[in-house]
Amino acid sequence: MANDGNLLQRYIALQKALLSSLRLKDVLDAAVIQFSELAGGAKVAFFLSDNESMSFKLMAAKGYSEKTLEQLRIVPFNLDGLLKYVVQQRSPVSSSDPESAPDLSAQIMKREGSQGQIALPLISANLLVGAVLMEVSNASILAYIDFYKEVADVTALAVANSILFGRSEYERERLNTLYKTSCALSGSMLQVNEVLQIAADTAVILGNTPCCAVLILNETSDRFNLAAFKGLEGASLNEFDLSFSGSVAGSSLRNGRTEYLGEGSREPYGMPRATGGSSFQSVVALPIIYGDAAIGALEVFSTEPRAFHREQVELLESLAAQVGTALNVALTHQSASQQSALDVHTGLYNRLYFQDALPKEVERSDRHKHELGLLLIDIDHLGQINEHLGQEKGDEAIRHVAAVVKDTLRDIDIACRYGGEEIAVILPETPGANVYEVADRVRQAVRDRTAPGIGTLTVSIGVSSFPSIAANAEELLVGAEQALDIAKFEGRDRVKIVRLAGNLKPGELAWTDLANQARMAVISERQQRLQSRLTVAPEYASWLTSTGSLVGKKKGQGKDS
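What you are looking at is a predicted structure, and each value in this text was computed from that prediction instead of being measured. (Residues numbered from 1 in each chain as written. Predicted model: local features only at pLDDT ≥ 70, side-chain atom pairs only at ≥ 80, totals over all residues. Heavy atoms only, no water.)

Asker: Got a minute to help me understand the sheet that holds strand 9 (residues 259-261) in this structure?
Answerer: The strands making up a sheet are joined through hydrogen bonds of the backbone, oriented either antiparallel or parallel. The strand order across the open sheet built from five strands is 8-7-11-10-9, with neighbouring strands paired in antiparallel fashion. Edge positions in the sheet fall to strand 8 (223-230) and strand 9, since each has one partner strand and no second. Taken pair by pair, the neighbouring strands of this sheet meet at an average axis angle of 20 degrees, ignoring direction. Of the strand pairs in this sheet, strand 9 and strand 10 (residues 282-290) are connected by three bridges, and their pairing is antiparallel. Bridging from a neighbouring strand, Glu259 pairs with Ala285 of strand 10. Of the strands in this sheet, strand 7 (211-218), strand 8 and strand 11 (293-302) are in contact with helix 7 (residues 192-206), which crosses strand 7 at around 140 degrees. Contacts from helix 8 (residues 248-255) reach strand 7, strand 8, strand 9, strand 10 and strand 11 within the one sheet, and its direction differs from that of strand 10 by about 40 degrees. (Pairing = 2+ DSSP bridges. Helix = DSSP H or I, 4+ residues; strand = E, 2+ residues; numbered from the N terminus. Axes fitted to C-alpha atoms, helices over the stretch in contact; angles between N-to-C directions. Contact = heavy atoms within 4.5 Å.)

Here is the structure:
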């Protein structure tokens, strides 16, 4: 332990360190270092109080083992340890004997080889801001507990000031975000996809979480459509309860108020999982309405319990109100303008719409630093269906595949009829690593759903992505077309993604050479099929050029009569 002169110098140094910044992280980091030095190299842990969850949350630490840090990550107020007495008595407490110490303290002292443990309250304006826990290597340091209480009081003031400053900064940033969102929505009111993307991007900022979903009510099926989402694991979307009658989103929309699960009354259910597979512990569902019109719901998720505070929920409610106004205008405009942009045969967007949408989506992805995928889907052997079952069945096959594709995709995705038997799909906000997964899910869905009166259909899919593979819209489309040709060339019923030169194995054919070879093979196959039809046609029309015996016989019979 340092002498009194050194203690005074270090105390002054502590004050300077604590007052040098208003950022909470800087204050806590400085406090940990100073407390450790003041206590002769003690192990130190700093906690902040969470009165909603009635627990201490570990914010900074020095010297503790990983196992102890995990144990201290969240400490309930009522857990038997020295920290429990800090909550109850609001005064410092220490222990030098693990055998007589409360359970939690005894475990930590034994694991850390501690000669004593000190717990100090951080109190500011009569509020328990947090606590400090220290493991000392010399039991004599426990005699200075009153001095450490004085240090803790100075630290509590600095922590309280940094929290207030952080909250004001947080509110300012969130309000600024809400204002920018309002401006963005005003400029995007006629585009449903833009409104959905802005809503999702803003929700994760205001909710301080990477996970959210925007749901649009489908009144004809009494269910929600998953219009947009962020941070959700694709494989878990089947677990997402999208019913209007049984889901938390439906309850929110029916009652016209925010619903919050995860505050402790009951665990969220019927939910997807976060990317990586973690379950959600907190969910906020906010109704999206305009006047008396029920439009949908905004859901924000967190893997932490009690994750959303009142201020966050209020900001999210303001966002939901703005989104309701923007979506009402966009959906009304879409219903009026969609008719000219739709392919009447399939209900998908037409090629003109695709040609206009692709460069816009690429430009938007570039502006917001998002990734984007493109699928080109070709129905395998459609020509044989037309030849053997008739043109009508071929049309039914196209409609069937289009319906499966629409059912498999998100509402935010853009499916277009690109050609006679080809469908193009733009996948906004889809990481390159996930584009192949989406494509294969579409391919498998088409194979699994039998077409009535036709049988099993298969598709070949070419995949490209921006900006990981293609640098612009033109390269994106060319790459997907090349990948589609190769998928058909290699046997159909498969997904092929563009291969960059750096990913090719030694001796492997260059991508452009393989694409040209595949293209020529596809063209050759089409020519052979056409030639086959041309050579068969004269056999059916041979009676036009021959002098059939029946014709002559009929003339002779006519003379006899």
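Picking up after the structure, the text goes on.
Asker: Honestly, the pairing of strand 8 in this entry has me stumped. Any pointers?
Answerer: The side chains of a regular strand alternate between the sheet's two faces. Strand 8 sits mainly inside the fold: six of its eight residues count as buried. The pairing of strand 7 with strand 8 spans seven bridges and is antiparallel. Bridge pairing in strand 8 links Leu215 to Leu226. A loop of four residues connects strand 7 with strand 8, the two strands running antiparallel in sequence, and Asp222 in this loop sits at a positive phi of about 55 degrees. (Buried < 20%, exposed > 50% of the residue type's maximum accessible area, 1.4 Å probe, protein only.)

Asker: What exactly am I supposed to notice about the packing of aromatic side chains here?
Answerer: Two numbers describe a pair of aromatic rings. These are the distance of the centres and the angle of the planes. Tallied over the full model, the rule gives ten aromatic pairs. Between Phe56 and Phe77, the aromatic rings sit 4.9 Å apart at their centres with planes inclined by 70 degrees, giving edge-to-face as the arrangement. With Phe56 in strand 2 (residues 55-62) and Phe77 in the loop between strand 3 (74-76) and helix 4 (82-89), this residue pair connects regions lying 21 residues apart in the sequence. The same class applies to Phe56 as to Phe77, namely buried. Ring pairs connect the aromatic residues Phe47, Phe56 and Phe77, which therefore count as one cluster. Here the basic side chain of Arg254 rests over the ring of Phe244, its NZ or CZ set 5.5 Å away from the ring centre. (Phe/Tyr/Trp six-rings, centres within 6.5 Å; stacked < 30°, edge-to-face > 60°. Lys NZ or Arg CZ within 6 Å of the ring centre and 35° of its normal.)

Asker: Explain the pattern of salt bridges here, please?
Answerer: One pass over the structure, following the stated rule, counts 26 salt bridges. Measuring nitrogen to oxygen at the nearest pair gives 2.7 Å for the salt bridge that ties Lys43 to Glu112. Here Lys43, found in strand 1 (residues 43-50), pairs with Glu112, found in helix 5 (residues 103-112); they are 69 residues apart in sequence, far enough to count as distant. Among the residues examined, Glu112 registers a relative accessible area of 10% and is labelled buried. For Arg443, the salt bridge goes to Asp493, with nearest N and O atoms at 3.1 Å. With Arg443 in helix 13 (residues 432-448) and Asp493 in the loop between helix 14 (473-489) and strand 16 (495-497), the pair connects residues that are 50 residues apart, well separated along the chain. When salt bridges with common partners are traced through the structure, they connect Asp440, Arg443, Arg447 and Asp493 into a single cluster. (Salt bridge = Lys/Arg side-chain N within 4 Å of Asp/Glu carboxyl O.)

Asker: Quick question: what am I supposed to make of the pairing of strand 5 (residues 116-124) here?
Answerer: Where burial is concerned, most of strand 5 is hidden: eight out of the nine residues are buried. Judged from the three bridges that link them, strand 4 (residues 93-95) and strand 5 form a sheet pairing that is antiparallel. Across the sheet, Ser95 pairs through a bridge with Gln117, a residue of strand 5. The antiparallel hairpin formed by strand 5 and strand 6 (residues 127-136) contains two residues in its connecting segment, where Ala125 sits at a positive phi of about 55 degrees.

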